[in-house]
Amino acid sequence: MVLYFYPKDESPGCTREACTFRDSYELFTDLGAEVIGVSADTVESHKAFAERHNLPFTLLSDLNNTVRKLYGATSTFGLIPGRVTFVIDKKGIVRHVFSSQLQPEKHIEEAREILKKIGKEENSQNPQSS
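Here is what the cut-offs are and how they apply
- Residues numbered from 1 in each chain as written.
- Predicted model: local features only at pLDDT ≥ 70, side-chain atom pairs only at ≥ 80, totals over all residues.
- Heavy atoms only, no water.
- Helix = DSSP H or I, 4+ residues; strand = E, 2+ residues; numbered from the N terminus.
- Rg over C-alpha atoms; globule rule 2.2 N^0.38 Å.
- Buried < 20%, exposed > 50% of the residue type's maximum accessible area, 1.4 Å probe, protein only.
- Contact = heavy atoms within 4.5 Å.
- Areas by Shrake-Rupley, 256 points an atom, 1.4 Å probe, with all protein chains shown as cover.
- Lys, Arg positive; Asp, Glu negative; His and termini not counted.
- Charge placed at Lys NZ, Arg CZ, Asp CG, Glu CD.
- Core = buried A, V, L, I, M, F, W, Y, C linked by side-chain atoms within 4.5 Å.
- Pairing = 2+ DSSP bridges.
- Axes fitted to C-alpha atoms, helices over the stretch in contact; angles between N-to-C directions.

Comments concerning the overall build of the protein
Reasoning step 1: For the protein, the helix and strand inventory stands at five helices and seven strands.
Reasoning step 2: The linear arrangement of helices and strands in the protein, starting from the amino end, is β-α-α-β-α-β-α-β-β-β-β-α.
Reasoning step 3: On C-alpha atoms alone, the protein measures out to a radius of gyration of 15 Å, which is about the 14 Å that the 2.2 N^0.38 rule sets for 130 residues.
Reasoning step 4: When burial is assessed residue by residue, the protein has 42% of its 130 residues classed as buried.
Reasoning step 5: The long-range fraction of contacts in the protein, counting pairs at least 24 apart against all pairs at least 6 apart in sequence, stands at 58%.
Reasoning step 6: Taken as a whole, the protein presents about 7,600 Å² of accessible surface, with 52% of it coming from carbon and sulfur.
Reasoning step 7: Within the protein, one finds 16 positive and 18 negative side-chain charges whose respective centroids are separated by 3 Å.

Observations regarding the side chain of His-46
Reasoning step 1: Inspection of the secondary structure puts His-46 in helix H3 (residues 43-52).
Reasoning step 2: Exposure remark for His-46: the relative accessible area of 4% places this residue in the buried category.
Reasoning step 3: Setting aside anything within four residues of it in sequence, one finds His-46 in contact with Tyr-6, Asp-9, Ser-39, Asp-41, Leu-59, Leu-60 and Ser-61.

So, the nonpolar core
Reasoning step 1: Ranked by size, the top nonpolar core spans 21 residues in total, and within it Val-2, Tyr-4, Phe-21, Phe-28, Val-35, Phe-57 and Leu-59 carry the most contacts.
Reasoning step 2: Of the residues forming this core, the biggest block, five residues, is contributed by helix H5 (residues 104-125).
Reasoning step 3: Those residues in contact with Val-2, other than ones at most four positions away along the chain, are Phe-21, Phe-28, Ala-33, Glu-34, Val-35, Ile-36, Thr-85, Phe-86, Ala-111 and Leu-115.
Reasoning step 4: Counting residues in each nonpolar core, the second largest holds eight residues, with Ile-36, Ala-73, Phe-86 and Ile-88 among its members.

Here we look at the sheet that holds strand S7 (residues 94-99)
Strand pairing in a sheet takes place through backbone hydrogen bonds and is either antiparallel or parallel in direction.
Reasoning step 1: Pairing is mixed in the open sheet, where five strands are placed in the order S3-S2-S1-S6-S7. In this open sheet, the two strands that pair with only one neighbour each are strand S3 (58-61) and S7. The average undirected angle you get between the axes of adjacent strands in this sheet is 20 degrees.
Reasoning step 2: By the bridge criterion, four bridges tie strand S1 (residues 2-5) to strand S2 (residues 35-39) in an arrangement that is parallel. Paired with Leu-3 across the bridge in S2 is Ile-36.
Reasoning step 3: Across the sheet, H3 lies against S2 and S3, angled at about 160 degrees from S3, the strand it touches most.

Put into structure tokens, the structure is as follows:
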């Protein structure tokens, strides 16, 4: 799973990040991963954001930042909710954390590379017999 926290629906950086996840969504599903975006926006805001940008993945409304706090996805300068991406394997283990407020597209690149690495590890541990 790719769980990404972002500051706000429709802000320029968050829209770029969401649309980049959208454009790479098939690659993520081919790698066996689901993408979930999380922010403190309302369900209604998420619905409008997802419809406007044709987002094929789930957006979670975390109004009180409960999930954000559980994952330690802190704020930038204590003001702006942080932009943090977690790659979680099938056993529920966080395999990678990437945090960058100013490089929204890099989150997608990082997540893809880690998922490919996890896939290679799983294939080498479980070779299929012919």
